[in-house]
Amino acid sequence: MKTIESLGDLKGKRVLVRSDFNVPLDADKNITDDGRIQAALPTLRTLLDAGAKVIITAHLGRPKGQVNPDYSLAPVAKRLAEVTGVKVTLAEDTVGESAKAAVAAAGDGEIVLLENVRFNAAETSKDDAEREAFAAELAALADVDGDGHNLSTGGLADPADGDGRVQASGVGQDDTVLVDAQWDHSSLRDDAAAAAPR
C-alpha cells in the first residue's frame, strides 16, 4: 500500500484528488458544516506543501446529470481557499474547456476544483461504457498514473480500498497521481471520514 510520502518528489506534478465535499448548505449557499472539507485537509496540505498542482473532483447533492447552480461547488471553492490559504480556481465544467484551461494555468501549490462531477450524466450512468468514457475524459485532464490505475468507474467512484487505507496510485510517466483526499495520509485512517456516507 502506497502513501503520499512514498510517491517521491511531487513538485510541479499534477495530482488528481477525489474528495467527498458533499457538504450541507443553507438557503444562502453558505456551508453549515465543513467537516468533510476539514477531513481532506491533511492530504491536501501535504500535496500543496510538496508543490503539487492539485486537481480535485467532487460532487455536491444530486443534480441528476444537469447543470444546476444550486449544486455548484462555488461555496466549496471559497471555503477551500479560506482554509488552505492558496489560490483555488473553480472550473466552470468537469472535463470541458474551462477545466482544461484551469488545469493548464495551475501553478505549483495551487488547487483546481472541477465543477460538480454530477453535472455530467455519465458520472452516475448505469451504462458502463458511458461511465468509462467520462472517466477517460477526467483522466485526460491529469494523464493518470503509470501504475495502471485508469480511473475507470470503480476507481473514480471510490479509490479507497475495502479497509479504508489511502489509495495513492503512484507517479506516472506524465507526472500525475491519483489520491483519495478523505483519508489521513499519515495515519492511513480517518474515523470521521470513514463514518461519513459515500
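Since the model is a prediction, treat every value here as computed from it, not as a measurement.

Enquirer: Which parts of the structure should I look at to understand the pairing of strand β2 (residues 53-57)?
Expert: Residues in a regular strand project their side chains so that they alternate between the two faces of the sheet. In terms of burial, β2 is a largely internal element, four of the five residues being buried. Of the strand pairs in this sheet, strand β1 (residues 14-18) and β2 are connected by five bridges, and their pairing is parallel. Looking at the pairing, V15 lines up with V54 of β2. With helix α1 (residues 35-49) bridging β1 and its parallel neighbour β2, the resulting β-α-β unit is right-handed. Across three bridges, β2 lies against strand β4 (residues 111-113) in parallel orientation. In the sheet register, I56 faces β4, and the bridge partner there is L113.

Enquirer: What is the right way to read unusual backbone geometry from this model?
Expert: Among all residues except glycine, the phi angle is most often negative; among peptide bonds, the trans geometry is most common. In this structure, K29 takes a positive phi of about 65° despite not being glycine. Of note, K29 is situated in the loop between β1 and α1. Judged by its relative accessible area of 33%, K29 is partly exposed. Positive phi, close to 60°, is recorded for K64, a residue that is not glycine. Relative to the helices and strands, K64 is located in the loop between β2 and α2 (74-84).

Analysis parameters
- Residues numbered from 1 in each chain as written.
- Predicted model: local features only at pLDDT ≥ 70, side-chain atom pairs only at ≥ 80, totals over all residues.
- Heavy atoms only, no water.
- Buried < 20%, exposed > 50% of the residue type's maximum accessible area, 1.4 Å probe, protein only.
- Helix = DSSP H or I, 4+ residues; strand = E, 2+ residues; numbered from the N terminus.
- Pairing = 2+ DSSP bridges.
- Right-handed = clockwise from strand over helix to strand, strands pointing away.

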